[in-house]
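Next come the chains, spelled out residue by residue.
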Amino acid sequence: MRELNQLLLDFDHNIEFNEHDYYVSRSNYLAFNLIQNWPKWERNILNISGDNFSGKTHLAKIFQDKSNALYLGHSDVNEKVFKKIKLNESIVIDDFEKIKNENLLYSLFNLIYQDNKYLLILSNRTISKINYNLEDLNSRAKNCIFAQIENPDDNLIFAIIVKSFSDRQIKLEKKLLEFIIKRIERSYGKIYEFIYKVDELSLKKKKPINLKTIREIL
């Protein structure tokens, strides 16, 4: 079976990253609230961490709309990108923990503070828990605001499933939704894998989505 990232590319729908499409629950309230409160941050760097598919990218897009931020992937961060960073007040860096050049990261942190810019870091692990070889970099990595997106609670799982099925014009009875929420693994990756399989069965294989099918998928 292909990895979930590859499977999700097969979805024939557009992913919306609008603010009104973001469902707030106890799992992600802190991260969302910090994005909403920009630029009134206590520090210039915010690190939002969480599992894949936990909504970090959605939050970053909301932040980008609010701040007109420069959006960078980990592979974009090199010596040449500093000119672009200099021209922007706000920056987003995705997959931050994949950047291995510690001298580059140290220079990046210094630039953010010296020029009074704002930096949103997205990572799976909280960056303060990464052990860098450069002690000064470890110190910089701890001098941030931290918001971890927790595993989804029942309300968030319900919202994700209903929204995803609605986008795909898949209708499920309430009793089926309740059955799913009681049994599905509390993991963003597993939730989206489940959604993909339901989508595949209903659209590609033309199979009815009933209790038996749900049981098989779960």
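Higher on the page you've got the structure.
In this text, all values refer to a predicted model and were calculated from it rather than measured experimentally.

Draft legend 1. Looking closely at the sheet that holds strand S4 (residues 118-123). Strand order in the open sheet formed by five strands is S2-S3-S4-S1-S5, and the pairing between neighbours is parallel. Strands with a single pairing partner mark the edges of an open sheet, and in this sheet they are strand S2 (70-72) and strand S5 (145-148). Within the sheet, the average angular offset between the axes of one strand and its neighbour, ignoring direction, is 15°. Looking at chain direction, strand S1 (residues 45-49) and S4 are connected through five bridges and run parallel. Looking at S4, one finds that Ile45 is bridged to Leu119. The sheet strands contacting helix H3 (residues 56-67) are S1, S2, strand S3 (90-93) and S4, and the helix crosses S4 at an angle near 165°.

Draft legend 2. The nonpolar core, seen in detail. In terms of nonpolar packing, the biggest core is built from 43 residues, with Leu46, Ile48, Leu59, Leu120 and Phe194 touching the most fellow members. No other element matches the six residues that helix H9 (residues 188-204) contributes to this core. Those residues within four positions of Leu46 in sequence are excluded, and the remaining contacts are Leu34, Ile35, Trp41, Leu119, Leu120, Ile121, Ile145 and Ala147. Core analysis: the next-biggest nonpolar cluster, separate from the first, contains 25 residues, Val77, Leu104, Leu111 and Ile112 among them.

Draft legend 3. How the structure looks around the pairing of S1. The buried fraction of S1 amounts to five of the five residues, a majority that puts the element mostly inside the structure. By the alternation rule, side chains of S1 split into Ile45, Asn47 and Ser49 and Leu46 and Ile48, which are all buried.

Draft legend 4. Structural context of the packing of helix H2 (residues 29-37) against H3. It is the contact of H2 with H3, at a shortest axis distance of 10 Å, that shows an interaxial angle of 10°. When the interaxial angle is binned, H2 and H3 end up roughly parallel. Across the interface between the two elements, Ala31, Phe32, Ile35 and Gln36 of H2 pack against Leu59, Ile62, Phe63 and Lys66 of H3. Class assignment of the residues belonging to the contact of H2 with H3 gives a composition of six nonpolar, one polar and one charged.

Draft legend 5. Representation of unusual backbone geometry within the structure. Going from Trp38 to Pro39, the amide bond is cis rather than trans, its omega being 5°. Positive phi outside glycine occurs at Asn68, with the angle close to 55°. Of note, Asn68 is situated in the loop between H3 and S2. For Asn68, a relative accessible area of 62% corresponds to the exposed category. Even without a glycine there, the phi angle at Asn116 is positive, about 55°.

About the criteria used
- Residues numbered from 1 in each chain as written.
- Predicted model: local features only at pLDDT ≥ 70, side-chain atom pairs only at ≥ 80, totals over all residues.
- Heavy atoms only, no water.
- Pairing = 2+ DSSP bridges.
- Helix = DSSP H or I, 4+ residues; strand = E, 2+ residues; numbered from the N terminus.
- Axes fitted to C-alpha atoms, helices over the stretch in contact; angles between N-to-C directions.
- Contact = heavy atoms within 4.5 Å.
- Core = buried A, V, L, I, M, F, W, Y, C linked by side-chain atoms within 4.5 Å.
- Buried < 20%, exposed > 50% of the residue type's maximum accessible area, 1.4 Å probe, protein only.
- Parallel < 35°, antiparallel > 145°, perpendicular 65-115°, else oblique.
- Nonpolar A, V, L, I, M, F, W, Y, C, P; charged D, E, K, R; others polar.

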